[in-house]
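Listed here are the chains, written in short residue letters.
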Amino acid sequence: MTSGTPTQSLASNGHAGDDDAVLPFAVEALDVRGRIVRLGPAVDTILRRHGYPDPVARLLGEAAALTVLLGSSLKFEGRFQLQTKTDGPVAMIVVDFEAPDRLRATARFDAERVTALGSGPLKDADLIGAGHLAMTIDQGTTTSRYQGVVALEGQSLEEAAHQYFRQSEQIPTEVRLAVAEAVEEGAGHWRAGGLLVQFLPQSIDRARLADLPPGDIPEGRLHLSGEAPEDDAWVEARSLVNTIEDHELVDPNLSSERLLYRLFHERGVRVFDRQPVKETCRCSHERVLGMIRSFSPQERHDMVADDGRIVITCEFCSRRYDLDPQMVEAEIADQPKQ
C-alpha cells in the first residue's frame, strides 16, 4: 500500500480540523509508509443514527476506522468491505468503504446480552466472541474480487488486522485504533481514529521476518534454518507507533500532522495529499428494486404487509422505502433480465 503525491514535510504543528480525512505519509529513513485517519461527523452520524449502546458504538467505530485505513489504499473505483460474523453479543458488523471516499457501517447485536456484560470496560472479544472476519476487495466484476478471512478467537480488531496482514499480504504491519465520545457544550460526539504503518523496503530480503517453526519439530529443539531477525528500522518504527496513547488518535485539538511529527521528527516524515471521507449510503430505489427482484413471486407476495405495502428499511442509513406491490411488479416486468 502506497501513498500519493507529496505535498509537504513536517516541521511544526501542522494544522487541526482534519476530521473525516485520511492522511498518507512516509518515513523514508525507516522504509515506512502509512496512513492516519480521523473520523468525526461521519462516524458520529453512523453511530447515533441507530442509537447503539456505548460498547457497540465503540466497537463499530473501531471497525469503521480500520476499514477506512485499508480501503483508502484502493487505486481504482471499487469497494472494500469488512464483515464479522460471530457468536458474540455483536453477531455481525458490516463496514463498506467505496473508493474514493464513501463510508457506511452497521451492526447487529443482542441488546440483552450486551446489557448483561455490565457497565465496566469491555474488550473487543467480550462483544465479538468467536467466528470470522472477512475483508473483501470488489472492483465491480466477479473476476476481480478478492477476500481474506481471519478466524476470530478472542483477539481484538487490531490483533485480527495484524493476523490478516501476516497471512494474506505478508507485509510487516502495525495498526492502532481508538474510539471516544467527546463532550462539548453538554452534547456528546463520537470520534474514531486509526494509524497504519507498513515496512516496505526496496530490498525484499529486508522485509523477511523469523519463520514459525514447523509443527513436527522435536520438542526442545531450536529451529535455526529460515530464521531472520527483524529489521532494525522496522523494530524502531513499530516501537514508536506503540507509544501512541488512544486519546492522541481522537483528540480534535491534535492534528494528524502534529501527531506524526511527534512520532517521527527525528527521522523526518513526509505527508501527502489528504483524502476526504464522507458518510454516504449506497441504497437507492433501483438497488432496493434489484434486491426485491431476486426473490420469487411467492416470496414477494409474502413481503406485502397488512396495509398492502412493501416496506424496506436500509440497515445502514435507516432510510425507509414504502412501495406499492403492483408498481414493483410492473417495474420488475419492465426490467431486462440479467
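Reading the values: rules and limits
- Residues numbered from 1 in each chain as written.
- Predicted model: local features only at pLDDT ≥ 70, side-chain atom pairs only at ≥ 80, totals over all residues.
- Heavy atoms only, no water.
- Helix = DSSP H or I, 4+ residues; strand = E, 2+ residues; numbered from the N terminus.
- Buried < 20%, exposed > 50% of the residue type's maximum accessible area, 1.4 Å probe, protein only.
- Contact = heavy atoms within 4.5 Å.
- Areas by Shrake-Rupley, 256 points an atom, 1.4 Å probe, with all protein chains shown as cover.
- Pairing = 2+ DSSP bridges.
- Axes fitted to C-alpha atoms, helices over the stretch in contact; angles between N-to-C directions.
- Phe/Tyr/Trp six-rings, centres within 6.5 Å; stacked < 30°, edge-to-face > 60°.
- Lys NZ or Arg CZ within 6 Å of the ring centre and 35° of its normal.

Asks: Quick one: what's the story with the overall build of the protein, residue by residue and with numbers?
Replies: The secondary structure content of the protein amounts to 11 helices and 15 strands. Counting every position in the protein, which comprises 338 residues, the buried fraction comes to 45%. Counting only contacts in the protein whose residues sit at least 6 apart along the sequence, the fraction spanning at least 24 positions is 64%. Accessible area of the protein: about 17400 Å², with a carbon and sulfur share of 48%.

Asks: So, the sheet that holds strand β8 (residues 145–153): which residues are in play, and what are the values?
Replies: As a general point, the strands of a sheet are linked pairwise by backbone hydrogen bonds and lie either parallel or antiparallel. Read from one edge of the open sheet, 6 strands run β8-β7-β4-β5-β6-β13, paired in mixed fashion. Each end of this open sheet is capped by a strand with a single partner; those strands are β8 and β13 (278–279). Sheet topology places strand β7 (residues 130–138) next to β8; 9 bridges connect them, and they run antiparallel. Paired with D138 across the two strands is R145, which belongs to β8. Its contacts with the sheet put helix α2 (residues 54–71) on β4 (79–86), β5 (90–98), β6 (102–109) and β7, and the angle it makes with β5 is roughly 35°. In this fold helix α5 (residues 157–169) packs onto β7 and β8, with an angle of close to 130° to the strand it touches most, β8.

Asks: Could you give an account of the environment of L263, naming the residues involved and the relevant values?
Replies: Note that L263 resides in helix α8 (residues 256–264). Owing to a relative accessible area of 10%, L263 belongs among the buried residues under this scheme.

Asks: An account of the packing of aromatic side chains is requested, with residue identities and associated values reported.
Replies: By the definition in use, this model includes 4 aromatic pairs. Measuring from ring centre to ring centre gives 5.2 Å for Y164 and F165, while their planes differ by 75°; the resulting arrangement is edge-to-face. Here Y164 falls in the buried class, since its relative accessible area comes to 2%. Across from the ring centre of F316, 3.8 Å away, lies the NZ or CZ of R104, which sits over that ring.

Asks: Summarise the pairing of β4; cite the residues concerned and give the values.
Replies: In terms of burial, β4 is a largely internal element, 6 of the 8 residues being buried. Where β4 lies against β5, 7 bridges are found, and the strand directions are antiparallel. Among the inter-strand pairings, Q81 is bridged to a residue of β5, identified as D96. Between β4 and β5, which pair antiparallel and follow one another directly, the connecting turn spans 3 residues. By the bridge criterion, 8 bridges tie β4 to β7 in an arrangement that is antiparallel. By the bridge assignment, Q83 is partnered in β7 with A134.

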